[in-house]
Amino acid sequence: MRWTLRLTETPETPRSAALRASTLLALLCAAPAGLASTPAASERALHTAECVAALDVKSLDLARQVKAGQPELQAPLTATLEAGAAFIGHAYLQGDRDEARSQALLNAALETQKLLPEAELAARQASCAQEGARLLSQADVIGRFVVSRLVQRRLQKLLGD
């Protein structure tokens, strides 16, 4: 499997730069002793965590709406879950296999994004969804199959099917 990450060029506002820095700081402060001695997270790892966090929040909201009687939102929910799974798969293939570290990055990103204005979070979700879809389109058959299985399991968990 070969997945390629292409970061989109988006202008970084002073606020988003500060949020990125606070994500890293939160990770380092909250990290267990074993993680604190490892090198700081790369920009790629931070970006992946930010996108997975943004897409996770969006998928939870979409799942809530589907369960509340809006079944037409199941397709966007599935696409959002696919994009998030593509980021996770790509990170794994790039060698990011430390689950505890990845979870710590994700938790820090989830906390930091709570500080984002609604418009900035929506913009991040949209750009991460596009990037995740692009990552998935570049995956081989096996990669797409694995993402599909992950998405089906997540859908069952979210919707209780």
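Computed from a predicted model, the values in this text were never measured in an experiment.

Asker: Please provide a residue-by-residue account of the confidence of the model for the protein chain, values included.
Answerer: The share of residues in the protein chain with pLDDT of 70 or more is 75%, and the mean pLDDT across the chain is 83. For the protein chain, helix α2 (residues 33-36) is the element with the lowest average pLDDT, namely 41, and helix α6 (residues 118-137) is the one with the highest, namely 98. Here residues 1-11 is a poorly scored stretch, pLDDT under 50, and it has 33 contacts once near neighbours within four places are set aside; other chains count. In the predicted structure, residues 24-38 sits below a pLDDT of 50 and forms 14 contacts with residues beyond four places in sequence or in another chain.

Asker: Account for the environment of Leu135, with residues named and values stated.
Answerer: Position of Leu135 among the secondary structure elements: in helix α6. Residue classification places Leu135 among the buried positions, given a relative accessible area of 1%. A sequence separation of 49 residues divides Leu135 from Ala86, and the C-alpha atoms of the two residues are 6.1 Å apart.

Asker: Got a sec to walk through the pattern of salt bridges? Specific residues and values, please.
Answerer: On inspection of all chains with the given rule, the structure shows four salt bridges. One salt bridge connects Arg44 with Asp96, and the closest N-O pair in it is separated by 2.9 Å. Residue Arg44 is found in helix α3 (residues 43-67), and its partner Asp96 is found in the loop between α4 (74-93) and α5 (99-113); the two are separated by 52 residues along the sequence. For Asp96, a relative accessible area of 26% gives the class partly exposed. Salt-bridge contacts for Asp56 lead to Arg154; the nearest nitrogen and oxygen are separated by 2.8 Å. With Asp56 in helix α3 and Arg154 in helix α7 (residues 141-159), this pair connects stretches of sequence that are 98 residues apart. By relative accessible area, which is 25% here, Arg154 ends up partly exposed.

Asker: How would you sum up the nonpolar core? Please name residues and give values.
Answerer: If you look at the biggest cluster of nonpolar residues, it comprises 29 residues, and the most contacted ones within it are Leu77, Phe87 and Leu159. Among the elements of the structure, α3, α4, α5, α6 and α7 are those that each provide at least two residues to this core. The element contributing the most residues to this core is α3, with ten residues.

Asker: Which residues make up α3, and what values go with them?
Answerer: Taking 1.5 Å of rise per residue, the 25 residues of α3 would be expected to cover 36 Å, and the 36 Å separating its terminal C-alpha atoms lies within 8% of that figure. Note on α3: the residue one or two positions beyond its end, Gly69, has a positive phi of about 110°.

Asker: Quick one: what's the story with the state of the cysteines, residue by residue and with numbers?
Answerer: Taken as a whole, this structure holds one disulfide when the rule is applied. The disulfide bridge from Cys51 ends at Cys128, spanning 2.0 Å between sulfur atoms. Across the S-S bond of Cys51 and Cys128 the torsion is about -65°, and the bridge reads as left-handed. Within this pair, whereas Cys51 is found in helix α3, its partner Cys128 is found in helix α6, the two being separated by 77 residues in sequence. The residues Cys51 and Cys128 share a single accessibility class, namely buried.

Parameters at a glance
Residues numbered from 1 in each chain as written. Predicted model: local features only at pLDDT ≥ 70, side-chain atom pairs only at ≥ 80, totals over all residues. Heavy atoms only, no water. pLDDT = per-residue confidence, 0-100. Helix = DSSP H or I, 4+ residues; strand = E, 2+ residues; numbered from the N terminus. Contact = heavy atoms within 4.5 Å. Buried < 20%, exposed > 50% of the residue type's maximum accessible area, 1.4 Å probe, protein only. Salt bridge = Lys/Arg side-chain N within 4 Å of Asp/Glu carboxyl O. Core = buried A, V, L, I, M, F, W, Y, C linked by side-chain atoms within 4.5 Å. Expected span 1.5 Å × (residues − 1). Disulfide = S-S within 2.5 Å.

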